[in-house]
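Structural overview for review
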Amino acid sequence: MLTTIGEVLMLTLWCVVAPTLIVPIGAMVSDRSRIASAVLPFPLSLTVVFAFLLFSHLAVDLRRPDVNPYAFFLLLITLCLICATGAKWGADRIAQSIDGLLRPIVTAIGKATGLFVLAMALIQFTVVVLRYVFGWNSILLQESVTYLHGGTFLLAAGYALLTNDHVRVDIFYGSASPRRRAIIDLFGCYVFLFPFCLLTIAMSAPYVANSWAALEGSTEQSGIQAVFLLKSLIPAFAVLLLAAGFIIATDAARTIRDTKPAPKEATA
């Protein structure tokens, strides 16, 4: 049963989620040419696939994900349907609708992790008091700190990316114009972020599925018997990053579409 569910989820990932990621590109040119908005996503989707394969090849310590051969045909069909829908109704309208659905979810989950931080601090304080004042140790409380710590970082990653609170290492982004920032964001999403997230989901799916199949619990008898839930945070982390990346790509595409390149200075 779990194998069937896993196959359905993977087909959904490759044949629904992955093609939907190219909608912002169609929105970027939808007001100029409906044909361009329908055709442009194809080479871009090939770029994402190529980057995904490159990432999986570089990850030498990981087994390459198994891809159902039927997924390629379904992927092509879904991609054609999305491009045709974008050409008919406007990719910008579709992108804005998906953006309006994803943004509140990512924001709500990210803000909820603030409660995790508070709970983690209170529980850790309680653990210290119980151990050094009363001489009593609780494995369950100690493991709950680990669960909250993992949940905080993995579930807040998408929100941190969305609010630009993550760490940047580039030196050109801060002084760049809004249009150039948008180009950098769009390039980063499609060449680095999306392939990384897709690879993370594909590689972690069997790992998490095996944990769910065994209902994996703590190695300690008095610990939390829900390790399978903790491991489920890995694909959840990648999904939230995908959602945040889609929102960023939509905003970047709108900025590129609505702003014109700066005119070049005339030379004497």
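Further up the page is the structure itself.
Keep in mind it's a predicted model, so treat the numbers as computed, not measured. (Residues numbered from 1 in each chain as written. Predicted model: local features only at pLDDT ≥ 70, side-chain atom pairs only at ≥ 80, totals over all residues. Heavy atoms only, no water.)

1. Some thoughts on the nonpolar core
If you look at soluble globular proteins, the nonpolar side chains tend to sit buried side by side. Leu186, Cys189, Tyr190, Leu193, Phe194, Leu241 and Leu242 are the most contacted members of the largest nonpolar core, which totals 37 residues. Those elements that provide at least two residues to this core are helix H1 (2-20), helix H2 (23-29), helix H5 (69-132), helix H6 (139-162), helix H7 (178-213) and helix H9 (233-258). If one sorts the elements of this core by residue count, H9 sits on top with 15 residues. Contacts of Leu186, omitting those with residues within four sequence positions, involve Ile25, Met28, Ala249, Ala252, Ala253 and Ile256. (Core = buried A, V, L, I, M, F, W, Y, C linked by side-chain atoms within 4.5 Å. Buried < 20%, exposed > 50% of the residue type's maximum accessible area, 1.4 Å probe, protein only. Helix = DSSP H or I, 4+ residues; strand = E, 2+ residues; numbered from the N terminus. Contact = heavy atoms within 4.5 Å.)

2. Regarding the side chain of Thr152
Positionally, Thr152 belongs in helix H6. Of the residues examined, Thr152 reaches a relative accessible area of 11% and is grouped as buried. With residues near it in sequence (within four places) discarded, Thr152 still touches Thr113, Phe116, Val117 and Met120.

3. Comments concerning the packing of H6 against H9
The interhelical angle for the contact between H6 and H9, taken along N-to-C directions, is 10°, at an axis separation of 7 Å. One way to sum up the angle between H6 and H9 is to call them roughly parallel. Residues Gly150, Gly151, Leu154, Leu155, Ala157, Gly158, Leu161 and Leu162 of H6 pack against Leu233, Ile234, Ala236, Phe237, Leu240, Leu241, Ala244, Ile247 and Ile248 of H9. In the contact of H6 with H9, the residues fall into 14 nonpolar, 3 polar and no charged. (Axes fitted to C-alpha atoms, helices over the stretch in contact; angles between N-to-C directions. Parallel < 35°, antiparallel > 145°, perpendicular 65-115°, else oblique. Nonpolar A, V, L, I, M, F, W, Y, C, P; charged D, E, K, R; others polar.)

4. Section: the packing of H7 against H9
Axis separation between H7 and H9 bottoms out at 8 Å; the angle between their running directions is 160°. Taken together, H7 and H9 sit at an angle that is classed as roughly antiparallel. The two elements H7 and H9 cross, and the hand of that crossing is left-handed. Grouping the amino acids of the contact of H7 with H9 by side-chain chemistry returns 27 nonpolar, 4 polar and 2 charged. (Left-handed = near helix turned anticlockwise from the far one by under 90°.)

Note that every value here comes from positions in space, so none of it alone points to a role or purpose.
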